Amino acid sequence: MKILVTGGCGYIGSHTCVQLIHQGYEPVIIDNLCNSKEMVLDRIQEITGQKPQFYQGDIRDKTLLKQIFSENKIDSVIHFAGLKAVGESVHKPLEYYDCNVYGSLILFEAMRDANVKKIIFSSSATVYGTQPIVPYVETMETGEPTQPYGRSKLFIEKILQDLIVAEPDWSITLLRYFNPVGAHPSGLMGEDPQGIPNNLMPYMTQVAIGKRKSLAVFGKDYETTDGTCVRDYIHVMDLADGHLAALKYNQEQTGSHIFNLGSGHGNSVLEVIAAFEDVFGKKLAWHFAPRRAGDLPAYWADANKAKELLHWETKLSLHDMVKDSWNWQRQNPKGFV
Ligand code: NAD
Ligand code: WQD
């Protein structure tokens with residue numbers, strides 16, 4: 001069964017393609033490679049024995065989408081493609097809305113034209129906004145994301161929820177990821193940020209490999225157990241399996257469904273550093289720095305709905321996350337080159 005994976009060369013998409021292949025699906029990828037490398041396809045082949053079909057191009061290219069749908073009998077779409085750097089989105093709002101919102105609209109129209117009406121969308125915990133109530137549960141109203149990236153995710157969720165009212169024969173699943181980290185256990189695939197990493201885990205592994213001097217821990221006086229921010233980190237392999245579970249669920253019913261994909265508990269920045277040092281076998285260079293604008297003190301997922309309905313829950317620990325992130329970085333000091 002063919003699944004169109006938009007953004008399938010990216011971090012989460014590539015790991016999901018591996019798990020799709022393991023489960024007997026045929027991923028068909030569209031990716032414009034604006035934040036990924038074609039080499040990932042060879043790595044997918046090395047791991048699974050199969051190279052996914054690949055169309056290099058943009059989801060805003062309706063002609064290409066039409067061609068893909070006519071050349072392939074696509075059952076469902078998993079829609080990862082988009083720009084994701086929160087800070088950058090503040091400086092480039094038009095680029096973010098164009099790629100994420102307009103791109104999604106073009107994709108949904110092309111799906112309708114091709115009569116493919118099953119979609120899994122990569123949303124984010126950012127749609128809960130700045131609400132101080134934790135854990136975040138799917139029944140909560142969405143909040144007010146404070147930046148264009150988060151708003152783009154919220155807009156796409158709303159578009160899909162309007163669509164299901166107008167056209168109830170669609171099957172729509174919105175997956176709200178918490179903090180994806182980790183890498184494929186083989187060390188062949190992982191997160192490959194371009195330039196200076198914005199996120200904790202890749203920054204940490206780049207300090208460990210000697211590419212950066214010291215990790216700045218943003219803030220030490222939050223109202224948390226040790227004063228540093230708390231997040232719900234989820235291993236990318238668990239996250240990929242969450243997509244498989246959601247795909248099956250989405251295939252079985254119409255309507256729209258929302259699931260948090262998180263572990264259901266949080267860890268502080270200092271706990272992540274301690275776990276990393278355990279695996280690294282040495283002290284990591286880090287220092288306290290002022291709070292980063294926009295960071296919330298603490299949030300994590302209520303993961304019960306996914307457990308009940310998708311029969312999915314995270315299996316891998318923080319130790320696994322740091323071990324696999326470090327393994328990937330160590331084996332690929334320069335990422336995919
Ligand atoms: P990523 O940047 O590694 O992957 C996205 C892929 O989409 C890249 O390969 C990029 O080249 C491609 N792409 C971007 N715009 C495109 C376009 N217009 N047409 C075709 N391809 C395009 O990001 P990721 O971490 O794998 O995230 C995947 C999705 O999950 C994104 O939508 C992101 O917003 C969402 N998400 C990510 C996180 C996270 O922390 N990584 C958290 C929550 C949600
Ligand atoms: C984690 C913690 C930082 C870097 C982001 C997006 C969110 C979602 C996931 C897409 C925070 C601290 C970080 C560093 C640090 N993405 N930190 N030093 O901000 O929780 O979530 O990615 O949808 O929308 O906002 O992730 O990894 O940047 O930060 O101390 O160099 O690590 O303050 O507490 P964040 P992160």
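Throughout this document, residue positions are counted from 1 along each chain, in the order its sequence is written. Chains and ligands are labelled by the order in which they are written, letters from A for the one and numbers from 1 for the other. It should be noted that, the model being predicted, local features are given only for residues of pLDDT at least 70 and side-chain atom pairs only at 80 or more, the latter also being counted only at that level, while totals for whole chains, interfaces and linings use all residues. The basis for the side-chain values is all heavy atoms of the structure; hydrogens and waters are excluded.

(A) Inspection of the sheet that holds strand β3 (residues 53-56) at higher detail. Only when DSSP finds a minimum of two bridges between them are two strands counted as paired. Per the convention used, a helix needs a DSSP run of H or I reaching at least four residues, while a strand needs a run of E reaching at least two, with both numbered from the N terminus. Reading across the sheet, the 7 strands line up as β3-β2-β1-β4-β5-β6-β11 and stay open at both edges, with parallel pairing between neighbours. Each edge of the sheet is formed by a strand with only one pairing partner; in this case those strands are β3 and β11 (255-261). On average, adjacent strands in this sheet sit at an angle of 20 degrees to one another, irrespective of strand direction. Relative to strand β4 (residues 74-79), strand β1 (residues 2-6) runs parallel, the two sharing 5 bridges. Paired with Ile3 across the bridge in β4 is Ser76. Packing against the sheet, helix α5 (residues 93-113) makes contact with β1, β4 and β5 (118-124), and its axis sits at approximately 170 degrees to β4. Here a residue-residue contact requires only that any non-hydrogen atoms of the pair lie within 4.5 Å. Geometry is summarised by axes, namely lines fitted to C-alpha atoms with helices restricted to the contacting stretch, and by angles between N-to-C directions that run from 0 to 180 degrees. Packed onto the sheet, helix α8 (residues 236-252) meets β1, β4, β5, β6 (171-177) and β11 and runs at close to 160 degrees relative to β6.

(B) Up close: the site of ligand 1. Around ligand 1, the structure places 27 residues, and the nearest of them are Asp31, Asn35, Ser36, Phe80 and Tyr149. Polar contact criterion, stated in full: a pair of N or O atoms within 3.5 Å, where within protein one must be able to donate a hydrogen and the other to accept it, and residues adjacent in sequence count only if both atoms are side-chain atoms. Here Ile12 contributes a backbone N or O atom positioned 2.8 Å from an oxygen atom of ligand 1. Burial of ligand 1 by the protein amounts to 95% of the accessible area it has alone, namely 820 Å². When contributions to the shell around ligand 1 are tallied by element, the ones reaching two or more residues are α1 (11-22), β5 and α6 (148-166). If one sorts the elements of the shell around ligand 1 by residue count, β5 sits on top with 3 residues. Throughout this document, a residue counts as near a molecule or strand when at least one of its heavy atoms sits within 4 Å of that molecule or strand. For the accessible areas, the method is Shrake-Rupley and the probe is 1.4 Å, while residue cover comes only from the protein chains on display.

(C) Just the nonpolar core, in detail. Counting residues in hydrophobic clusters, the biggest one holds 40 residues, and the most contacted among them are Leu20, Leu261 and Leu310. Secondary structure elements with two or more residues in this core: β1, α1, α2 (40-48), β6, α8, β11 and α10 (304-310). Of all the elements, α8 adds the most residues to this core, at 7 residues. Setting aside anything within four residues of it in sequence, one finds Leu261 in contact with Leu175, Arg176, Tyr177, Phe178, Ile234, Leu239, Gly242, His243, Ala306 and Trp312. Among the buried residues, those of types Ala, Val, Leu, Ile, Met, Phe, Trp, Tyr and Cys that are joined through side-chain atoms within 4.5 Å form a nonpolar core. We call a residue buried when its accessible area falls under 20% of the maximum for its residue type, exposed when it is over 50%, and partly exposed in between, using a 1.4 Å probe and counting protein chains only. Core analysis: the next-biggest nonpolar cluster, separate from the first, contains 29 residues, Ile59, Ile68, Phe121 and Ile164 among them.

(D) Representation of the site of ligand 2 in the model. The environment of ligand 2 is made up of 20 residues, and the closest members are Ser124, Tyr149, Ala216, Arg231 and Asp295. Within the contact set of ligand 2, an oxygen atom lies 2.6 Å away from a side-chain nitrogen or oxygen of Arg231. For ligand 2, whose accessible area on its own is 680 Å², the fraction buried by protein is 88%. Take the shell around ligand 2: its biggest share by element is 4 residues, from strand β8 (residues 215-218).

(E) The UniProt feature "domain: NAD(P)-binding" (unreviewed entry) in the protein, seen in detail. Listed under "domain: NAD(P)-binding" (unreviewed entry) in the UniProt record, and renumbered for this structure, are residues 4-324. Between the C-alpha atoms that bound residues 4-324 the distance is 27 Å, and the span itself is 40% helix and 18% strand. UniProt positions are given in the numbering used here, feature names are shortened, and annotations may be inferred rather than shown by experiment.

(F) Here's a closer look at the domain arrangement of the protein. For the protein, the assigned domains read domain 1 (2-183 + 233-263 + 301-315) and domain 2 (185-229 + 266-299). Taking the mean C-alpha position of each, domain 1 and domain 2 sit 25 Å from one another. The partner domain 2 presents 16 residues to the 24 residues of domain 1 that form the contact. Buried surface area refers to the total accessible area, computed with a probe of radius 1.4 Å, that the two partners give up upon joining, counted for both partners together. Summing both partners gives a buried area of about 1700 Å² for domain 1 against domain 2, and 65% of it is carried by carbon and sulfur. Residues Lys84 and Glu191 are paired through a salt bridge, measuring 3.5 Å at the closest nitrogen-oxygen approach. Across the domain 1-domain 2 interface, the total number found is 1 residue pair in polar contact (both at pLDDT 80 or more). Domain start and end points were adopted from an automatic or database domain assignment. Any carboxyl oxygen of Asp or Glu within 4 Å of a side-chain nitrogen of Lys or Arg constitutes a salt bridge here.

(G) Representation of the pattern of salt bridges in the model. Evaluation of the coordinates by the stated rule reveals 18 salt bridges. Between Asp221 and Arg291 there is a salt bridge, with its nearest N and O atoms 3.1 Å apart. Taken together, the residues Asp221 in the loop between β8 and β9 (230-231) and Arg291 in the loop between β13 (286-289) and α10 connect sequence positions 70 residues apart. Asp221 gets classed as exposed once you look at its relative accessible area, which sits at 54%. Owing to a relative accessible area of 46%, Arg291 belongs among the partly exposed residues under this scheme. In this structure, a network of salt bridges that share partners links the residues Asp58, Arg60 and Asp98.

(H) The arrangement of the side chain of Asn72 in detail. Inspection of the secondary structure assignment puts Asn72 in the loop between α3 (62-71) and β4. Its relative accessible area of 4% is what places Asn72 among the buried residues. Among the polar contacts made by the side chain of Asn72, one reaches the side chain of Lys2 at a distance of 2.7 Å. Among the polar contacts listed, one links the side chain of Asn72 to the side chain of Gln53, at a separation of 3.1 Å.

(I) Structural view of helix α7 (residues 200-208). When you tally the buried positions in α7, you get 8 out of 9 residues, the bulk of the element. Those residues of α7 lying buried are Leu200, Met201, Pro202, Met204, Thr205, Gln206, Val207 and Ala208. Those residues of α7 hidden inside the fold are in contact with β7 (179-181), β8, β10 (233-235), α9 (269-280) and α11 (318-331). Gly210 lies just past α7 and shows a positive phi near 95 degrees.

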